[in-house]
Amino acid sequence: MKLRRLSLIIAFASVFVFSLLHLTPAFRSGDYLLYDFFLRLKPNRKQSENIVFLNVDDAAIASIGVFPWPRSVIAEGFLRLKEYEAQAVILDIEYIDKSPTKVDEAYLRDGLARDYNRHFSEISTTVAQILNSIAVGRIPASKAASYIDGISELIADERDALYKSTLRITGDDDRFLAQAAALFGNTWGTLNLQEEPLAGEQAQRRAIAEERFAYPVTNKGIREGINADLLLPIPLLSNAVKGAGFTNINPDPDGVRRRISLVQEVHGLWYLQLAFAPLMDLWGNPPVTVEPHRLIVHKQGEKFVIPLDSSGYMMLDWPKENYRESYTHISFYIFDLLESYLSGIESYLQLLALSNSSLFPVIAKNAAALQDYFSLQREVKHKALEECSSEAFYEYIALRDETLEIIKKFTDFLIDTNYIENESQKFIETFAHNNPELVSEILEEARYCSSLLEYLNTTVTAFYDLNQKTHEKLYNKVCIVGRTDTGTTDIAVNPFHSKYINVGTHAVVYDTILANSLKNQLPLKQLPFFYSIIFSFLFVPLVLIGISDFKHSHRSILGFAGIVFSLGLPLLLFITAKIFLAPLTIFLAMTTAVITRELFAYITSEREKRFIRRAFSTYISSNVVAEIIEDPSKLNLGGESREMTAIFTDLKSFTTFSESMSPPDLVRMLNIYLTKMSNVIMVNHGTIDKYIGDAIIAFFGAPIERKDHAALACLSALEIKEAEKELNVQLLKEGLAPVPLFTRIGINTGEMLVGNMGSETKMNYTVMGHEVNLASRLEGVNNYYQSGIIISEFTKNKIGNIFLTRKLDHVRVKGILRPVLLHELIDLKIRAGKSELAFHEQWNEALIQFELRNFSKAETLFADIAAARPHDGAAALYLNRSKTFIHNPPSQDWDGIFNFTEK
């Protein structure tokens with residue numbers, strides 16, 4: 001009986017003490033940590049497939065420029081989303097200030113001249129037709145005056161149209177952004193709640209919010225907000241968007257974001273959170289009621305209840321994955337790439353229109369005509385924006401697609417029918433005997449036009465493919481636009497990640513509510529703290545009194561079970577019913593009560609004393625966490641097979657010239673060289689494996705997996721050669737190198753083993769495998785061709801059409817039985833000049849003749865190449881081969897593969 005009374009006193013005292021302690025910030029942080037722990041144990045639900053992030057990420061900034069971008073970039077993105085029939089756009093970028101007026105340099109340079117020519121041509125043609133008709137008598141001279149009014153009206157119309165075109169030189173990005181947002185229709189902008197009243201023009205914007213963005217919310221007993229004002233985007237945009245929502249998020253006292261406010265009051269009116277606002281619009285803008293601990297959406301005659309905590313916040317059901325691994329992500333770079341494709345198509349047409357019309361009249365005439373389609377597209381697009389007309393916009397899309405289809409058919413026809421080759425041959429046959437010099441000009445023009453046609457055809461196809469894939473990804477999706485690049489500071493902490501990009505919060509809000517409404521389940525709910533106190537005052541005394549009469553050993557086991565139950569019951573409620581009952585008070589009160597009661601009981605006997613000391617010690621040690629390791633598996637030995645690209649670099653004749661250098665100078669030179677080249681590789685997301693003297697071994701595609709690893713490796717190789725030129729100037733000037741440095745580079749793509757290799761005490765993150773060895777061999781093969789960069793056919797197949805390469809040879813390198821087709825990496829195609837492109841065509845023709853065993857023809861062609869480029873090792877090599885095979889042809893079963901016996 002004495003122990004029962006003691007148990008009752010200890011139980012109530014323990015609950016009372018910890019209930020008081022819960023009022024302190026430090027103690028409440030313990031409940032926050034338990035909440036985070038429960039979240040980790042809760043099964044992860046399937047994320048919505050309806051949400052897509054349009055990221056202003058590093059790739060987009062690298063392509064478009066440093067943020068903030070011209071607002072026309074985002075505006076063009078809205079038009080893309082309009083085309084793709086996206087469901088809604090949530091714009092988590094604040095446009096608080098007006099943007100400066102900008103000059104449309106592209107239109108000033110090209111478009112204005114086209115418009116002047118077109119408008120004046122219309123006038124000239126009409127006047128000429130009338131004068132000719134008068135001259136030949138179709139219009140009597142007596143009636144000529146009647147045409148003056150018509151001519152004047154035509155001139156006035158063309159003048160007005162030309163004036164409108166001229167106004168396009170200066171672009172109002174704010175107006176364009178607003179027009180695009182309005183044309184898209186379902187665009188949602190930001191509101192920023194302010195603790196202090198605003199002044200001036202920004203304060204006047206609140207009238208727009210009160211008229212357009214306030215929401216019908218009925219307040220039944222919750223504390224109204226303390227917001228003094230709210231800041232809107234510029235009026236043009238605020239009046240163009242369909243709605244807006246606030247972006248403010250208040251973290252818990254420990255700095256972690258676990259909950260969010262869905263509605264806030266400002267000057268007697270209510271506003272919705274940025275992601276909550278479009279969701280309410282999707283549901284038909286139903287009335288909302290807020291009460292203590294719940295928000296009710298009166299949706300189509302039903303009540304959808306969202307639980308709120310005591311402060312009126314909804315608990316967020318955070319995904320366990322980080323920002324980039326949750327939901328779907330598309331870089332804004334894709335939109336810029338699509339625009340660059342269209343610009344490239346128009347540029348190729350302009351160049352083709354300027355081609356020799358006497359030589360290729362079909363190309364020049366039709367290219368010029370197709371340019372007018374682009375002018376017409378711009379006019380229709382401008383009309384769609386000015387009139388906010390979806391009909392005009394889809395007319396613009398149809399016209400654009402029709403234009404591209406015509407261009408595709410046009411280029412396919414010219415390529416399939418060998419138009420350029422046939423027309424060239426006709427001219428050559430006609431003029432060759434009278435003017436031999438004209439032949440080379442004709443061939444040069446033919447090669448130039450062929451290249452343009454190929455680029456035009458390829459670009460149209462690339463646009464079609466990328467546009468279709470992007471359309472499929474964004475169709476009927478809710479798109480969230482925000483900054484995610486490495487320069488953004490909009491980063492916070494959530495229960496799973498210490499660095500989480502905040503734009504992801506809006507997806508979590510939208511998904512938490514939408515997913516639960518579809519499943520007819522409630523979002524996460526945190527019960528008020530007094531529920532925990534009530535449960536503690538009932539549970540702890542009952543458990544302690546209930547086990548008081550048991551034997552000491554049984555009582556200890558049951559007491560420990562009570563401790564486990566005090567934590568297990570809240571966990572069960574959280575996982576099954578999504579209810580968070582703050583468990584720390586219950587757990588600590590139960591734990592303290594059991595331990596304290598056992599300590600008192602221990603005093604009565606040495607045996608019980610030893611037992612309780614042992615039980616106490618065991619308990620404490622089992623609840624002390626020494627260290628939390630985020631992902632210990634990464635420290636284990638082992639690796640994974642992954643498709644990657646390996647790159648090997650080495651300095652030509654390094655051993656020879658290094659012997660003439662002093663050790664300090666040699667070390668300094670090497671440090672400068674390796675630093676510069678390594679920086680190039682790492683900037684392009686490569687990983688340095690190791691240095692072997694002057695050689696660098698690196699790989700692309702790990703530890704972060706990238707699909708463009710081959711292109712990044714090739715880009716790095718080209719930039720290394722550029723850096724080498726700058727470095728040679730410095731080293732020769734400072735006397736640190738006796739001769740200019742020359743870097744040989746080998747690149748190969750394939751399945752490689754990557755991971756931590758070594759021993760338990762020392763390991764290295766490295767790459768190995770057959771494909772790595774091949775890259776090493778290719779670096780050495782440069783000696784044979786006197787080349788700088790050699791890539792394998794496997795790399796060539798992965799880099800697309802953005803690089804200019806030339807086919808070298810089909811070889812079998814030492815130590816590798818599988819033959820491989822070699823290519824020399826020349827440059828980016830966009831940087832290649834006409835002469836380089838012409839040489840590329842000349843080389844291909846010579847190589848084709850060699851492979852067809854037309855060795856005499858090949859000898860002539862390679863001799864021309866070698867004469868034009870005397871330092872081209874590959875040309876000299878093939879010239880010698882051709883001469884040799886003329887006199888000693890290879891056997892009929894020769895497979896064209898050359899074997900290397902040296903590395």
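Structure report, in brief. (Residues numbered from 1 in each chain as written. Predicted model: local features only at pLDDT ≥ 70, side-chain atom pairs only at ≥ 80, totals over all residues. Heavy atoms only, no water.)

### Some words on the overall build of the protein chain
Item 1. Check the secondary structure of the protein chain and you find 29 helices and 30 strands.
Item 2. Relative to its full complement of 903 residues, the protein chain shows a buried share of 50%.
Item 3. The contacts in the protein chain between residues at least 6 apart in sequence include a share of 77% that link residues at least 24 apart.
Item 4. Here the protein chain displays about 44,300 Å² of accessible surface, and carbon together with sulfur accounts for 56% of that area. (Helix = DSSP H or I, 4+ residues; strand = E, 2+ residues; numbered from the N terminus. Buried < 20%, exposed > 50% of the residue type's maximum accessible area, 1.4 Å probe, protein only. Contact = heavy atoms within 4.5 Å. Areas by Shrake-Rupley, 256 points an atom, 1.4 Å probe, with all protein chains shown as cover.)

### Quick notes on the pattern of salt bridges
Item 1. Per the stated rule, a full pass over the model turns up 39 salt bridges.
Item 2. For the salt bridge of Glu386 with Arg175, the shortest nitrogen-to-oxygen distance reads 2.8 Å. On the criterion of sequence distance, the pair formed by Glu386 in helix H13 (residues 361–387) and Arg175 in helix H7 (residues 173–184) is long-range, its members being 211 residues apart.
Item 3. Among the residues examined, Arg175 registers a relative accessible area of 36% and is labelled partly exposed.
Item 4. Its salt-bridge partner being Lys676, residue Glu726 comes within 3.8 Å of it at the nearest N-O pair. Of this pair, Glu726 sits in helix H24 (residues 709–734) while Lys676 sits in helix H23 (residues 663–683), and the two are 50 residues apart along the sequence.
Item 5. On the basis of relative accessible area, Lys676 is assigned to the partly exposed category, the value being 29%.
Item 6. Residues participating in the shared-partner salt-bridge network are Arg80, Glu83, Glu339, Arg400 and Asp401. (Salt bridge = Lys/Arg side-chain N within 4 Å of Asp/Glu carboxyl O.)

### Notes on the sheet that holds strand S6 (residues 217–219)
Within a sheet, neighbouring strands are paired by backbone hydrogen bonds and run either parallel or antiparallel to one another.
Item 1. Across the sheet, which stays open at both edges, the four strands sit in the order S6-S12-S13-S14 with mixed pairing between neighbours. A strand with exactly one partner marks an edge of an open sheet, and here the two such strands are S6 and strand S14 (302–307). Each neighbouring strand pair of the sheet contributes to a mean axis angle of 20°, computed without reference to strand direction.
Item 2. Here three bridges tie S6 to strand S12 (residues 288–291), and the two strands are oriented parallel to one another. Within S12, the position partnered with Asn219 by the bridge is Val290. (Pairing = 2+ DSSP bridges. Axes fitted to C-alpha atoms, helices over the stretch in contact; angles between N-to-C directions.)

### Thoughts on the packing of H7 against H13
Item 1. It is at 8 Å that the axes of H7 and H13 come closest, and there the two elements cross at 80°. It follows that H7 is roughly perpendicular to H13 by the angle criterion. Mapping the contact onto sequence places Arg175, Phe176, Gln179, Ala180 and Leu183 in H7 and Ala384, Leu385 and Glu386 in H13.
Item 2. Among the residues forming the contact of H7 with H13, the class breakdown is five nonpolar, one polar and two charged. (Parallel < 35°, antiparallel > 145°, perpendicular 65-115°, else oblique. Nonpolar A, V, L, I, M, F, W, Y, C, P; charged D, E, K, R; others polar.)

### Things to note about helix H12 (residues 333–353)
Item 1. A rise of 1.5 Å per residue sets the reference length of H12, with its 21 residues, at 30 Å; its end C-alpha atoms lie 30 Å apart and thus fit the reference within 8%.
Item 2. Residues of H12 that are buried: Ile334, Phe335, Leu337, Leu338, Leu342, Gly344, Ile345, Glu346, Leu349, Gln350, Leu352 and Ala353. (Expected span 1.5 Å × (residues − 1).)

### A short note on unusual backbone geometry
Item 1. In this model, Phe67 is joined to Pro68 through a cis peptide bond whose omega is 10°.
Item 2. Tracing the backbone through its elements, the reader meets Pro68 in the loop between helix H3 (58–64) and helix H4 (71–83).

### Remarks on the packing of aromatic side chains
Item 1. All chains considered together, the criterion is met by 23 aromatic pairs.
Item 2. Judged by centre distance (5.8 Å) and plane angle (50°), the ring pair of Trp69 and Phe332 falls under tilted. Taken together, the residues Trp69 in the loop between H3 and H4 and Phe332 in the loop between strand S16 (328–331) and H12 connect sequence positions 263 residues apart. Take Trp69 and Phe332: they sit in the same class, and that class is buried.
Item 3. On the basis of an interplanar angle of 70° and a centroid distance of 5.4 Å, the ring pair of Phe850 and Phe855 is categorised as edge-to-face. (Phe/Tyr/Trp six-rings, centres within 6.5 Å; stacked < 30°, edge-to-face > 60°.)

### Structural notes on a nonpolar patch on the surface
Item 1. Together, Phe16, Val17 and Leu20 give the surface a local cluster of nonpolar side chains, amounting to about 280 Å² of exposed area.
Item 2. Structurally, Phe16 can be placed in helix H1 (residues 2–21). (Patch = residues over 30% accessible without salt bridge, like charges linked within 9 Å, V, L, I, M, F, W, Y side chains within 5 Å.)

### Section: the side chain of Gln273
Item 1. Mapped onto the fold, Gln273 is located in the loop between strand S11 (269–272) and helix H11 (276–282).
Item 2. For Gln273, a relative accessible area of 0% gives the class buried.

### Side note on the environment of Glu265
Item 1. Within the secondary structure, Glu265 is located in strand S10 (residues 263–266).
Item 2. With a relative accessible area of 6%, Glu265 lands in the buried category.
Item 3. Distance from Glu265 to Ala214, taken between C-alpha atoms, is 9.3 Å for residues 51 residues apart in sequence.
Item 4. Of the polar contacts made by the side chain of Glu265, one reaches the backbone nitrogen of His267; its length is 3.3 Å.
Item 5. Looking at Glu265, its side chain comes within polar contact range of the main-chain nitrogen of Gly268, at 2.5 Å. (Polar contact = N/O pair within 3.5 Å; in protein donor to acceptor, adjacent residues only side chain to side chain.)

### Some points on the side chain of Thr795
Item 1. Inspection of the secondary structure puts Thr795 in helix H26 (residues 793–796).
Item 2. Relative accessible area serves as the criterion here: at 0%, Thr795 is assigned to the buried category.
Item 3. A distance of 2.8 Å separates a polar atom in the side chain of Thr795 from a polar atom in the side chain of Thr749.

### Considerations on the nonpolar core
One recurring pattern in soluble globular proteins is that nonpolar side chains are buried together.
Item 1. Judged by nonpolar contacts, the single largest core of 87 residues is most densely connected at Leu54, Trp69, Ile74, Leu81, Phe332 and Leu474.
Item 2. Listed in part, the 51 residues of the second largest apolar core include Ala88, Leu279, Val478 and Phe574. (Core = buried A, V, L, I, M, F, W, Y, C linked by side-chain atoms within 4.5 Å.)

### What about the pairing of strand S28 (residues 803–812)?
Note on strand geometry: in a regular strand, side chains alternate between the two faces of the sheet.
Item 1. The element S28 is largely enclosed, with a buried count of seven among its ten residues.
Item 2. One ladder, built from eight bridges, connects S28 with strand S29 (residues 820–828); its direction is antiparallel. Pairing of Val811 across the sheet is with Val820, part of S29.
Item 3. Where S28 and strand S30 (residues 898–899) come together, two bridges link them in parallel fashion. Its bridge partner being in S30, Val811 is matched across the sheet by Phe898.

### As for helix H28 (residues 855–868)
Item 1. Under the 1.5 Å per step criterion, the end-to-end length of H28 is 20 Å for 14 residues, consistent within 8% with the ideal 20 Å.
Item 2. The secondary structure elements touched by the buried residues of H28 are helix H27 (834–851) and helix H29 (873–887).

### A word on the pairing of S29
Item 1. Of all nine residues in S29, eight are buried; the element is thus mostly enclosed.
Item 2. Summarising the sheet, strand S27 (residues 789–792) and S29 pair through three bridges and their orientation is antiparallel. Opposite Ile791, over in S29, you have His823 as the bridge partner.

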